Amino acid sequence: RVLIHDTDGDGRNEVVAVRNYEMVNNALTSFRKYNDAEIIAFDWNGIGLTDKWITKKITGYMRDFAIGDHDNDGRDELVVALVLKEGRIVGTSPRSIIIAYQL
């Protein structure tokens, strides 16, 4: 999923996307496990997309994200749903958190 949004207020939209890093990269199975993630904003320079900003790499799998004024302070935030533990194995509990970045 990507979003098109003016993240810095310069009047130009950026393309905002998630990069999840695979923990296991096995072409023989359909199982995928992600252990780190970051969000990247790309800017159009007239020829192609270039990195404009990148969040710090954080531990977990970014499931979804949104941009909006989520705390009603008049400024947009980037809100991320982060899965820390999926709980796929019997006896384990899933764990997730919500993170907000001020834009």
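Below: a short report on this structure. Only a predicted model underlies this, so the values are computations on that prediction, with no experimental measurement involved.

So, on to the overall build of the protein chain. Along its length, the protein chain carries zero helices and eight strands. What you see in the protein chain, going N to C, is helices and strands ordered as β-β-β-β-β-β-β-β. Its C-alpha atoms give the protein chain principal-axis dimensions of roughly 50 × 35 × 20 Å. Every one of the 103 residues in the protein chain was classed for burial, and the buried ones make up 26%.

So, on to the nonpolar core. By size, the foremost hydrophobic cluster in this structure holds twelve residues: Leu3, Val16, Ala37, Ile39, Ala41, Ile58, Met62, Phe65, Ile67, Leu78, Val80 and Leu82. At the level of secondary structure, the elements contributing two or more residues to this core comprise strand 3 (33-44), strand 6 (61-68) and strand 7 (77-85). With sequence-adjacent residues up to four places away left out, Ile67 is seen in contact with Leu3, His5, Thr7, Val16, Asp76, Glu77, Leu78 and Leu103.

If you walk across this open sheet you meet the three strands as 6-7-8, and the pairing is antiparallel. The strands lining the two open edges of the sheet, one partner per strand, are strand 6 and strand 8 (95-102). Taking each pair of neighbouring strands and ignoring which way they run, the sheet shows an average axis angle of 20 degrees. Note: strand 7 against strand 8, eight bridges, orientation antiparallel. When the bridges of strand 8 are listed, Val83 appears paired with Ser96.

Its place among the elements puts Thr55 in the loop between strand 4 (49-54) and strand 5 (58-59). Taking the relative accessible area as the measure of exposure, Thr55 reaches 10% and is therefore buried. Setting aside anything within four residues of it in sequence, one finds Thr55 in contact with Glu38, Ile39 and Tyr101.

As for its placement among the helices and strands, Leu82 is situated in strand 7. Ignoring anything within four residues of it in the chain, the contact list for Leu82 reads Ile58, Thr59, Gly60, Tyr61, Met62, Arg95, Ser96, Ile97 and Ile99.

With respect to the secondary-structure elements, Ile54 resides in strand 4. Sequence spacing of Ile54 and Leu84 is 30 residues, and the spatial spacing of their C-alpha atoms is 20 Å. Excluding anything up to four places from it in sequence, Ile54 contacts Glu38, Ile39 and Ile40.

Thresholds applied
Residues numbered from 1 in each chain as written. Predicted model: local features only at pLDDT ≥ 70, side-chain atom pairs only at ≥ 80, totals over all residues. Heavy atoms only, no water. Helix = DSSP H or I, 4+ residues; strand = E, 2+ residues; numbered from the N terminus. Buried < 20%, exposed > 50% of the residue type's maximum accessible area, 1.4 Å probe, protein only. Core = buried A, V, L, I, M, F, W, Y, C linked by side-chain atoms within 4.5 Å. Contact = heavy atoms within 4.5 Å. Pairing = 2+ DSSP bridges. Axes fitted to C-alpha atoms, helices over the stretch in contact; angles between N-to-C directions.

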